[in-house]
Amino acid sequence: MPKAKGPTEKATLTVPEEVFRQVYDSPRSLPGKERWVTVEKDVREIERIIGIPQNSIGAPLWVSGDTRHCATCGRETNWLDIVNSALRVRHGTAMLTKVILGDQKYVNVEAPRAIADLTCFNCGAAVTDLRSFKCHNWAYAHGVLLELISELPEAGHVETQDAL
Ligand SMILES: [Zn+2]
C-alpha cells in the first residue's frame, strides 16, 4: 500500500526536479472545470505587492477551479488574489518570493479542494471555488502521481505554515 496522505491532511513536499516535472506536466495536475493563466497586468501587481523588481516573474502562473470569476464583482480570480490573501492571512513576502522565483521545487499532496482563506483582490468577497494553482516551482499531485511521490525517499516534508 502506498503511504499516501489522507484527504484531509495537508502536506507540502520538496521534490527533485524530475518528479516535479512529471507532476507539473500532468494534465490532471489542475483539477476543476476550468484552467487559466494569471493575466499579465496582475503578474506585475504581484511583483509590486511582494516588493520584487518588475518583470521578475516570467513563467505562467496557473490556476484552476469550477468558476473563473468572482461571484460578487466579476473579477477573474488568479494568483494575485492568492498572493494578496496569503500576505493578509499568514505569510511574509520572503516565502512567496521563494515559491515564485526560487530554485526549490514544491509539490502539494493535499487532496484538491477549494483554497482556504481566499478573498477577491478587487472587492474582498470570499472566493470559495478556486481549486488549485501552480507555477514553475509549485504543483499539486494526486492519484498515481501522489503514490509515486509517497515512495520517494528523498522527498522532504515542509511544515504547512512555511508553505503556501
Ligand atoms: Zn470580487
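How each quantity is defined
Residues numbered from 1 in each chain as written. Predicted model: local features only at pLDDT ≥ 70, side-chain atom pairs only at ≥ 80, totals over all residues. Helix = DSSP H or I, 4+ residues; strand = E, 2+ residues; numbered from the N terminus. Buried ≥ 20, exposed ≤ 12 C-beta atoms within 10 Å, placed from the backbone. Contact = placed C-beta atoms within 7 Å. Core = buried A, V, L, I, M, F, W, Y, C linked by C-beta atoms within 7 Å. Arc of directions from axis to C-beta. Pairing = 2+ DSSP bridges. Axes fitted to C-alpha atoms, helices over the stretch in contact; angles between N-to-C directions.

## As for the overall build of the chain
Stage number 1. On a plain count of helices and strands, the chain comes out with five helices and seven strands.
Stage number 2. Burial status across the chain gives 36% buried among its 164 residues.
Stage number 3. The contacts in the chain between residues at least 6 apart in sequence include a share of 80% that link residues at least 24 apart.

## Side note on the nonpolar core
Stage number 1. Grouped together as the largest cluster of nonpolar side chains are 41 residues, with contacts concentrated most on Val23, Trp79, Val83, Val107, Ala139, Ala141 and Ile149.
Stage number 2. Top contributing element to this core by residue count: helix 3 (residues 79-89), with five residues.

## Some points on helix 2 (residues 40-50)
Stage number 1. Burial in helix 2 covers these residues: Val43, Ile46 and Ile50. For helix 2, the buried positions fall inside an angular range of 50° around the axis, keeping them on one side. What points out from helix 2, more than 90 degrees from its buried face, is the exposed set Lys41 and Arg48.
Stage number 2. The inward-facing, buried residues of helix 2 abut helix 3 and helix 4 (93-101).
Stage number 3. Residue Gly51 follows helix 2 closely and has a positive phi angle near 75°.

## Looking at the pairing of strand 3 (residues 62-65)
Stage number 1. Burial along strand 3 is two-sided: the face carrying Trp62 and Ser64 and the face carrying Val63 and Gly65 are both buried.
Stage number 2. Bridging between strand 2 (residues 34-37) and strand 3 involves four bridges; their strand directions are antiparallel. Across the sheet, Arg35 pairs through a bridge with Ser64, a residue of strand 3.
Stage number 3. Here strand 3 pairs with strand 5 (residues 130-134) via four bridges, running antiparallel.

## A look at the sheet that holds strand 2
Stage number 1. Ordered by their spatial adjacency, three strands build an open sheet running 2-3-5, and the pairing between neighbours is antiparallel. Each edge of the open sheet is held by one strand with a lone partner, namely strand 2 and strand 5. The average angle at which neighbouring strand axes cross in this sheet is 20°, direction not considered.

## Description of unusual backbone geometry
Stage number 1. The residue Asn55 is not glycine, and still its phi comes out positive at about 70°.
Stage number 2. Owing to 9 C-beta atoms within 10 Å, Asn55 belongs among the exposed residues under this scheme.

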